[in-house]
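If you want the building blocks of each chain, they are given just below.
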Amino acid sequence: MPLFATDESGTYRLTGELTIFYAAMLKDELVALLGTAKAPLSLDLSGVEDIDTSGVQLLLMFKREAARRGASVSYSGHSPAVLAVLELLDLAGTLGDPVLIPNAVR
């Protein structure tokens, strides 16, 4: 589960699988970002090909940890895999980010 900085504005892009196999490894990387972020962080989820409940827990933990530190995290570009899991678990509102559904997915 690679995490790439897309620019210097605090936007990062996740690609690949956000599953139990990668969530623990990615957790440390995301928490480290909170320690160095100078601006609100944004995670682009458009490259997430698969996500399970461990991945969802990671997204929820990252938001909660950011809030605890007085930082801000938003998610954007929800991939079809992310949208399906958020809808299945009825968590789109819990993450608090606008979820845009591309025309091709409807």
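Each remark here, short or long, concerns the structure printed above.
Structure report, in brief. (Residues numbered from 1 in each chain as written. Predicted model: local features only at pLDDT ≥ 70, side-chain atom pairs only at ≥ 80, totals over all residues. Heavy atoms only, no water.)

### A few points about the environment of Leu 33
Along the chain, Leu 33 falls in helix H1 (residues 20–36). Assessed through its relative accessible area of 11%, Leu 33 is described here as buried. Each C-alpha atom of the pair Leu 33 and Ser 79 lies 22 Å from the other, and the pair is 46 residues apart in sequence. Residues in contact with Leu 33, not counting those within four places in the same chain, are Leu 3, Tyr 12 and Leu 41. (Helix = DSSP H or I, 4+ residues; strand = E, 2+ residues; numbered from the N terminus. Buried < 20%, exposed > 50% of the residue type's maximum accessible area, 1.4 Å probe, protein only. Contact = heavy atoms within 4.5 Å.)

### Structural notes on the pattern of salt bridges
For the coordinates displayed, the defined rule picks out three salt bridges. Here Arg 13 ties to Asp 44 by a salt bridge, and the two come within 3.9 Å at their closest N and O atoms. A residue pair is termed long-range when its members are at least 10 positions apart, and Arg 13 in strand S2 (residues 11–18) and Asp 44 in strand S3 (residues 41–51) qualify at 31 residues. In this structure, the salt-bridge partner of Glu 65 is Arg 68, at a minimum N-O distance of 2.6 Å. Linking Glu 65 with Arg 68, this pair stays in helix H2 (residues 53–68), spanning three residues, or about one helical turn. The exposure class of Glu 65 is buried, given its relative accessible area of 15%. (Salt bridge = Lys/Arg side-chain N within 4 Å of Asp/Glu carboxyl O.)

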